[in-house]
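Inside the fold
Here is how the chains run, residue by residue.
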Amino acid sequence: MRLTLFAILVLGAVLPVFAADDTASVSRQLDQIVEQDCTSAGITPLGTCSDAAFLRRVWLDLAGRTPPLREATKLASGTKLDRVKTVEDLLKSPDFARHWGRVWAEYLTDRRPFDSNEYDGRRLLRFLTEALQENQPYGQIISELMAGEGTSDISGPANFLLRYNAEPLPLAGAVSQKFLGLSLACAECHDHPHAAWKQKDFWGLAAHFARLRKMTPTNPAEGETFFVVIERPRGELTMPDKQAKPDENGNLPRKTVFPQLPGQPRTDLAQPRRDVLVKWLTDPANPYPSRHFTNIVWERLLGARLIQNLDEWPPASSSSNVALLNLLADDFNTHQGDIQRLLREIVLSETYQRVSHSAEKNTVAADRPRVDLENEHRARARIRPLSADQLHLSVGQAFGYHFDENDFRLAEPTGEEFTYDIPIDTFGPTPHSLVRSVALYNSDYVRGAVELGAEAAVRLHGPAVGAEHIERLFLALLSRKPTPDELETFLELGGDNDARQGLQDVAWVLLNSTEFVTNH
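Time to look at the overall build of the protein. Helix and strand content of the protein: 23 helices and seven strands. Within the span of the protein, comprising 520 residues, buried residues form 53% of the whole. Intrachain contacts of the protein at a sequence separation of at least 6 include 69% that bridge at least 24 residues.

Quick look at the structure:
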């Protein structure tokens, strides 16, 4: 199935280039909204983070790993960080495309991107990674995912459809949640109890996928285990008719559901159904895709969504969050869904670059009522737990330890379940997940990396543990030098008769510190 002429003409294959000050203007407007909100609440935002903190934060957010030792060492020697250039270099790097491709693949499927019995997430990951490397417009990527056909061993978009078994109802739920930010799936059995969506909205959306078919090869014994997604020229979706009389067995007769998009007239049946869906999803007049994508990108970079859901718009309790979302989403639309531009605007803002630690002066003035600012990103950077893949990549980055070029695929060497790595609160000071815990506490990969890191420090700085050994491990893992007190403590810990063993102990302590396992 080909992209519609509309999508090609409107979106284009290559995004236009805009001046850097154009991006900076949006960043300044973003900061002005946040600062005005803080002023109204009597809160003084914290200052800008150090170059070392920014370097680590932006590498984790854009590349999925901590910065290389050479970059941290350069800063520690007194070199001033060019933050704009750092961001530009990261956005153009393969690390960025791989990391955000993986993030997006996990979000779209709620699973880690690996092969399974139902679909091959690796193909979807490859498709998204290549699209991000080329900075394809967001609408073009949506269009290709919606219009997917082909075999699971080749086509990335086909594997997105196969993740939901290429069936109308699961796909309608996925499209409404993943691309629109709406809970239309709650209207599958009845009208939505808390939003305006009707049952016909959900089923009308689902009907656009009614002619999709999932096919299996006829000779799987010969190794053909892939699936094929095709669209038939006929067939309609049916649903139980609750207004009709049941038959003698209590079964309701079924009625045909014709495709109709939410808030739109019935789809012209002479038009290919998914072409109509693509046109609606990529229409600048449809505000939901740009708002939702902006919302989840903001959450990824600052730790909380601007608006929890988009079912009610504008929200009953309007706030500056609405202004922020409108600012970024409108700019995203104006610039044809330029994903790199959106990320650049956020990470170069003062709001993103604030320090994360608490400060006593950051309190509400005594003569003003306390105002709920909804999200912590207002006055300081939110501290966020790293995912298992970020931890795995960062360990490899720190010590140069790799199984192969694809070692970032954590589940393969550790044999873990291919589930979405969502950190949860445990008894510790930072959220953990089972996957993250296994990565840190019970991993041959981490053990091998620690041994290599200690060995490298001894080879470079000699067999007697000194300040250079400790500083190297701090720079490699935390992107900063130790404080005098830390240096004294870790010299005592590492100053064992066996230097390698002592330095391994230092590395294990740093690896399991709150500073290493979070992005701050």
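This structure, assessed with the given rule, holds 28 salt bridges. Across the salt bridge formed by Arg-274 and Glu-231, the nearest N and O atoms sit 3.0 Å from each other. Remark: Glu-231 occurs in strand S3 (residues 228-231) and Arg-274 occurs in helix H12 (residues 273-281); sequence separation between them is 43 residues. On the basis of relative accessible area, Arg-274 is assigned to the buried category, the value being 0%. With a shortest N-O distance of 3.0 Å, Glu-299 and Arg-305 are connected by a salt bridge. Residue classification places Glu-299 among the partly exposed positions, given a relative accessible area of 31%. What emerges from the salt-bridge pattern is a single network uniting Asp-115, Asp-120, Arg-122 and Arg-123.

Glancing now at the packing of helix H19 (residues 444-461) against helix H20 (residues 467-478). Where H19 contacts H20, the axes come no closer than 10 Å and their chain directions differ by 140°. For the element pair H19 / H20, the angle class is oblique. As for the relative orientation of H19 and H20, their crossing is right-handed in sense. Listed contacts from H20 to Gly-453, Ala-456, Ala-457, Val-458, Leu-460 and His-461 of H19 are Glu-468, His-469, Arg-472 and Leu-473.

Our next topic: the layout of surface pockets. The volume enclosed by the second largest pocket comes to roughly 460 Å³. Along the walls of the second largest pocket sit 21 residues, with Leu-261, Gln-264, Val-276, Lys-279 and Trp-280 positioned nearest its centre. Ranked by the residues each element gives to the lining of the second largest pocket, the list is headed by H12, at four residues. A breakdown of the residues in the lining of the second largest pocket according to their chemical character gives 10 nonpolar, six polar and five charged.

The subject of this paragraph is empty space enclosed by the protein. The tally for this structure, following the rule as stated, stands at two cavities of 30 Å³ or more. The volume enclosed by the largest cavity comes to roughly 60 Å³. In this structure, the largest cavity is lined by Arg-57, Leu-301, Leu-302, Thr-351, Tyr-352, Ala-381, Arg-382, Arg-384, Asn-519 and His-520. When its residues are assigned to classes, the lining of the largest cavity shows four nonpolar, three polar and three charged.

Whether parallel or antiparallel, the strands of a sheet pair through hydrogen bonds between backbone atoms. The three strands are arranged S1-S3-S2 in an open sheet whose pairing can be described as antiparallel. Looking at the sheet topology across the chains shown, the edges are occupied by strand S1 (150-151) and strand S2 (212-215). Two strands pair when backbone bridges link them, and S1 and S3 are joined in this way by two bridges, in the antiparallel orientation. Bridge pairing in S3 links Gly-150 to Val-229.

This paragraph deals with unusual backbone geometry. Of note, Asp-110 is a non-glycine position whose phi angle comes to about 60°, a positive value. Tracing the backbone shows Asp-110 in the loop between helix H6 (94-109) and helix H7 (121-133). Positioned with a positive phi, Asn-165 is a non-glycine residue whose angle comes to about 60°. Topologically, Asn-165 is positioned in the loop between helix H9 (156-163) and helix H10 (168-178).

In this description, an aromatic ring pair is defined by two values, namely the gap between the centres and the angle between the planes. One pass over the structure, following the stated rule, counts 12 aromatic pairs. Centroid distance Phe-96 to Trp-100: 6.5 Å. Interplanar angle 40°. Geometry classified as tilted. Taken together, the residues Phe-96 and Trp-100, both in helix H6 and four residues apart, mark about one turn of the helix. Overall, Phe-96 belongs to the buried group, its relative accessible area being 1%. With relative accessibility at 8%, the residue Trp-100 sits in the buried group.

Formed by 97 residues in total, the largest nonpolar core has its most connected members in Trp-104, Met-146 and Phe-160. Each residue touching Met-146, except ones within four places of it in the same chain, is listed here: Phe-160, Val-175, Phe-179, Phe-209, Arg-274, Leu-277, Val-278 and Leu-281. In this structure, Leu-386, Ala-398, Val-458 and Leu-503 belong to the second largest nonpolar core, which totals 33 residues.

Moving on, we come to the confidence of the model for the protein. Of all residues in the protein, 83% have pLDDT values of 70 or greater, and the mean over the chain is 84. For residues 1-20, every residue scores under 50 in pLDDT, and the model assigns this stretch 39 contacts once sequence neighbours within four places are set aside. This model gives residues 424-429 a pLDDT under 50, and the stretch forms six contacts once residues within four places in sequence are excluded.

Time to look at helix H14 (residues 320-334). Compared with an ideal rise of 1.5 Å per residue, which puts 15 residues at 21 Å, H14 spans 21 Å between its outermost C-alpha atoms and is within 8% of the ideal. Within the sequence span of H14, burial applies to Ser-320, Asn-321, Val-322, Leu-324, Leu-325, Leu-327, Leu-328, Ala-329, Asp-331 and Phe-332. Count one or two residues on from H14 and you reach Gln-336, which has phi positive near 55°.

Given a rise of 1.5 Å per residue, 15 residues ought to cover 21 Å, and the 21 Å separating the end C-alpha atoms of helix H13 (residues 288-302) matches this to within 8%. Most of H13 is tucked away, with 13 of its 15 residues classed as buried.

A separate point is the environment of Ala-52. Examined against the element boundaries, Ala-52 turns out to sit in helix H3 (residues 51-63). As for Ala-52 and Arg-480, which are separated by 428 residues in sequence, their C-alpha atoms are 6.4 Å apart. Dropping the residues within four chain positions of it, Ala-52 is found in contact with Leu-75 and Ser-479.

Criteria and cut-off values
Residues numbered from 1 in each chain as written. Predicted model: local features only at pLDDT ≥ 70, side-chain atom pairs only at ≥ 80, totals over all residues. Heavy atoms only, no water. Helix = DSSP H or I, 4+ residues; strand = E, 2+ residues; numbered from the N terminus. Buried < 20%, exposed > 50% of the residue type's maximum accessible area, 1.4 Å probe, protein only. Contact = heavy atoms within 4.5 Å. Salt bridge = Lys/Arg side-chain N within 4 Å of Asp/Glu carboxyl O. Axes fitted to C-alpha atoms, helices over the stretch in contact; angles between N-to-C directions. Parallel < 35°, antiparallel > 145°, perpendicular 65-115°, else oblique. Left-handed = near helix turned anticlockwise from the far one by under 90°. 1 Å grid on protein atoms, 1.4 Å probe; cavity = no way out; pocket = protein on both sides within 12 Å on 5 of 7 lines; lining within 4 Å. Points joined across faces, edges and corners; volume = space filled by probe spheres on them. Nonpolar A, V, L, I, M, F, W, Y, C, P; charged D, E, K, R; others polar. Pairing = 2+ DSSP bridges. Phe/Tyr/Trp six-rings, centres within 6.5 Å; stacked < 30°, edge-to-face > 60°. Core = buried A, V, L, I, M, F, W, Y, C linked by side-chain atoms within 4.5 Å. pLDDT = per-residue confidence, 0-100. Expected span 1.5 Å × (residues − 1).

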